[in-house]
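# Structural characterization, general
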Amino acid sequence: MYATVLPHGILITICKRWRLFMAVFLGVMLMGVLYLTFATRKYESVAEMVVTFGRWSAPEVERGPATELTPSDRREIVLAHAAILHSHDLARATIETVGLANVYPDLAEDPPSSGTAMDAAVRRLQDDLSAEVGAQDNIITLSLRHPDKEMVPKLVRKLIDLYVGRQTQIYHNPHEGFLASEVRQAGDDLAKAQTTLETFKDQWRISSFDREVEDLLAQRGELDTSLHAARAALAQSQERKRGLEQLMQKVPEKVPETANGEKYRALDEAQSRLLELRMKRSQMVATYNPDGPAIAALKAGIATAEKEVAARRSELEKRSATTTNSVYQTLQTDYLRASADVEGNAQPVAILGGQIAALDQRLTELRSNRGKFDGLVREYQIKEEAYRSLSMQHANARVKGNLNDERISPAAVISEPTQPYRTVRPRGLITLLACMIGGAILATIAVLLREARDDRFTTAEQVVYLLDLPVLASFERQPHRPPLQLMALGDAK
């Protein structure tokens, strides 16, 4: 019969089946007492650790802008540290360091049938170990339970020591040897790239490409200006020279000298004598015979005088018949100066033209080698940047290695493992209260289940609840033995 779910119905059912209720209740209480009696008593040691971030963390060589961590990132990091504390490898390393016989002597003496004693010890240590993280802070509370109250703080301390080394390997693994080889390789590559670049510079006489091109263009501009000025001066001097040449062609080099002076006296006397002889011949021709000796002698004298005049005139012509023109000499002097100016101006034009041609050739060489030069410079810069980065990482790795040797890490102990003075397992009062409450609940459930399997009506409420019929009267069950009053009355009769 189904039991009524009303409180007074449940109480009536419990009272009716009190034996079953007490049996279940006492059984649960007995189990609790047996657990408290035979359970292994354990002591608990608690330590607290803080995980630091940012500039309060482990120092580094290369310090860039500080990266702000979000609360979720910080919590994930703290949870990762807690996972390391509760890891299988860390528990195993702790047991191996302290010794299995010292940590769990019972497992060392009586190994389990399946698996190894170490595996069982690691599982037991992980079950007794707790690494809790607060909701909003970066504090890790580490607690460990162990039967030996002297051993448990030692285990916690050893666990923390091993954790510091393990987390430094995980978060601050320096890889110093690998980075050293990479730095050497990067240094060799950088030296090779630098040698190639320097060889190329020496080959094409390049120091600074952009600066040299800028200087060459500036020089070419200055030379071009000077060349234009030199060409203008040359053209001016050439034009002046041509003008002087034309003037010199028009001006005579010499001019006749004026007929006066002592140098013409002999010629005049010879001409006078010749004139007298000719006049005398004219007079004698009228008187004397033309073929006579007197006329012949006179003719001979005239011929001699003519020869003398001719000789005198020839001598004067040989000596100086003309004189030098001063205008022509001035023009000739100016012409010589103009010719010197032409030659002087032509030389700078040639020199400047050669210099500009050399600059143009140099610029052409630089432009043709610009791509290769930029490639070599870019390769050198890449190698230099890689070498600088690897060198910084290597230096940082050395610092981290020293930090690991000094056991410096972002996680710091703020509360040393406590020394327990009383057991934490099993908890007597809580266990008894739990057994009492659990026993009462289980006993009630057992009574209700037993009542549910009984198809008889025991209370008026069951009739009303199940049959939906009113109850007119109920008769209580009478005990099998007669009342004491009736027994006493029967004896009196």
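Everything numeric here is computed off the predicted structure, so don't read it as measured data. (Residues numbered from 1 in each chain as written. Predicted model: local features only at pLDDT ≥ 70, side-chain atom pairs only at ≥ 80, totals over all residues. Heavy atoms only, no water.)

### Concerning the pairing of strand 3 (residues 139–146)
- In terms of burial, strand 3 is a largely internal element, seven of the eight residues being buried.
- Sheet topology places strand 1 (residues 42–51) next to strand 3; eight bridges connect them, and they run antiparallel. Looking across to strand 3, one finds that Met49 is bridged to Ile140.
- One ladder, built from five bridges, connects strand 2 (residues 129–133) with strand 3; its direction is antiparallel. Its bridge partner being in strand 3, Ala131 is matched across the sheet by Leu142. (Buried < 20%, exposed > 50% of the residue type's maximum accessible area, 1.4 Å probe, protein only. Helix = DSSP H or I, 4+ residues; strand = E, 2+ residues; numbered from the N terminus. Pairing = 2+ DSSP bridges.)

### What to know about the pattern of salt bridges
- According to the stated counting rule, one finds 13 salt bridges in the structure shown.
- A salt bridge links Arg92 to Glu96, with the shortest nitrogen-to-oxygen separation between them at 3.2 Å. On the criterion of helical spacing, the pair formed by Arg92 and Glu96 is a turn pair, its members being four residues apart in helix 4 (residues 88–98).
- Judged by its relative accessible area of 30%, Arg92 is partly exposed.
- The partner of Asp106 in a salt bridge is Arg124, and the shortest N-O contact between them spans 3.0 Å. Taken as a pair, Asp106 in helix 6 (residues 105–109) and Arg124 in helix 7 (residues 117–128) lie far apart in primary sequence, 18 residues in all.
- The exposure class of Arg124 is partly exposed, given its relative accessible area of 28%. (Salt bridge = Lys/Arg side-chain N within 4 Å of Asp/Glu carboxyl O.)

### Topic: the environment of Ala358
- Looking at the secondary structure, you find Ala358 in helix 13 (residues 326–368).
- C-alpha of Ala358 to C-alpha of Arg220: the two residues are 138 residues apart in sequence and 9.7 Å apart in space.

### Points about the packing of helix 10 (residues 209–250) against helix 13
- Axis separation between helix 10 and helix 13 bottoms out at 7 Å; the angle between their running directions is 160°. When the axis of helix 10 is compared with that of helix 13, the two are roughly antiparallel. Between helix 10 and helix 13 lies a crossing whose hand is left-handed.
- Here the contact of helix 10 with helix 13 is built from residues that sort into 25 nonpolar, nine polar and 12 charged. (Axes fitted to C-alpha atoms, helices over the stretch in contact; angles between N-to-C directions. Parallel < 35°, antiparallel > 145°, perpendicular 65-115°, else oblique. Left-handed = near helix turned anticlockwise from the far one by under 90°. Nonpolar A, V, L, I, M, F, W, Y, C, P; charged D, E, K, R; others polar.)

### Some thoughts on the packing of aromatic side chains
- All chains considered together, the criterion is met by two aromatic pairs.
- Aromatic pair Phe21 and Phe25: ring centres 6.4 Å apart, planes at 5°, arrangement stacked. Residue Phe21 and its partner Phe25 are located together in helix 2 (residues 18–38), separated by four residues, close to a single helical turn.
- Phe25 sits in the buried class, given a relative accessible area of 17%.
- In this structure, Arg124 is placed above the aromatic ring of Tyr104, and the distance from its NZ or CZ to the ring centre is 4.9 Å. (Phe/Tyr/Trp six-rings, centres within 6.5 Å; stacked < 30°, edge-to-face > 60°. Lys NZ or Arg CZ within 6 Å of the ring centre and 35° of its normal.)

### Brief notes about the packing of helix 4 against helix 7
- Between helix 4 and helix 7, the shortest axis-to-axis distance is 9 Å and the interhelical angle comes to 115°. Classified by the angle between their axes, helix 4 and helix 7 sit roughly perpendicular to one another. By crossing handedness, the relation of helix 4 to helix 7 is classed as right-handed. Between helix 4 and helix 7, the residues in contact are His88, Ala91, Arg92, Ile95 and Glu96 and Met118, Asp119, Ala121, Val122, Leu125 and Gln126, respectively. (Contact = heavy atoms within 4.5 Å.)

### A short note on the confidence of the model for the protein chain
- Taken as a whole, the protein chain shows an average pLDDT of 78; of its residues, 80% reach a score of 70 or greater.
- Ranking the helices and strands of the protein chain by mean pLDDT puts helix 4 first, with 91, and helix 17 (residues 484–492) last, with 45.
- Of the regions scoring below 50 in pLDDT, residues 1–5 engages in 23 contacts with residues more than four places distant in sequence or in other chains.
- For the stretch residues 483–493, pLDDT sits under 50, and the model shows one contact to residues farther than four places along the chain or on other chains. (pLDDT = per-residue confidence, 0-100.)

### Regarding the environment of Leu432
- Within the secondary structure, Leu432 sits in helix 15 (residues 428–453).
- For Leu432, a relative accessible area of 30% puts it in the partly exposed group.

### Brief notes about a nonpolar patch on the surface
- A cluster of nonpolar residues, Leu429, Leu433, Met436, Ile437, Ile441, Leu442, Ile445 and Leu449, forms a patch on the protein surface that exposes about 780 Å² of accessible area.
- By the element assignment, Leu429 lies in helix 15. (Patch = residues over 30% accessible without salt bridge, like charges linked within 9 Å, V, L, I, M, F, W, Y side chains within 5 Å. Areas by Shrake-Rupley, 256 points an atom, 1.4 Å probe, with all protein chains shown as cover.)

### So, the side chain of Thr94
- Counting through the fold element by element, Thr94 comes out in helix 4.
- Classification of Thr94 by relative accessible area gives buried; the value is 1%.
- A distance of 2.8 Å separates the side chain of Thr94 from the backbone oxygen of Leu90, its partner in a polar contact.
- Ignoring anything within four residues of it in the chain, the contact list for Thr94 reads Leu155, Lys158, Leu159 and Leu162. (Polar contact = N/O pair within 3.5 Å; in protein donor to acceptor, adjacent residues only side chain to side chain.)

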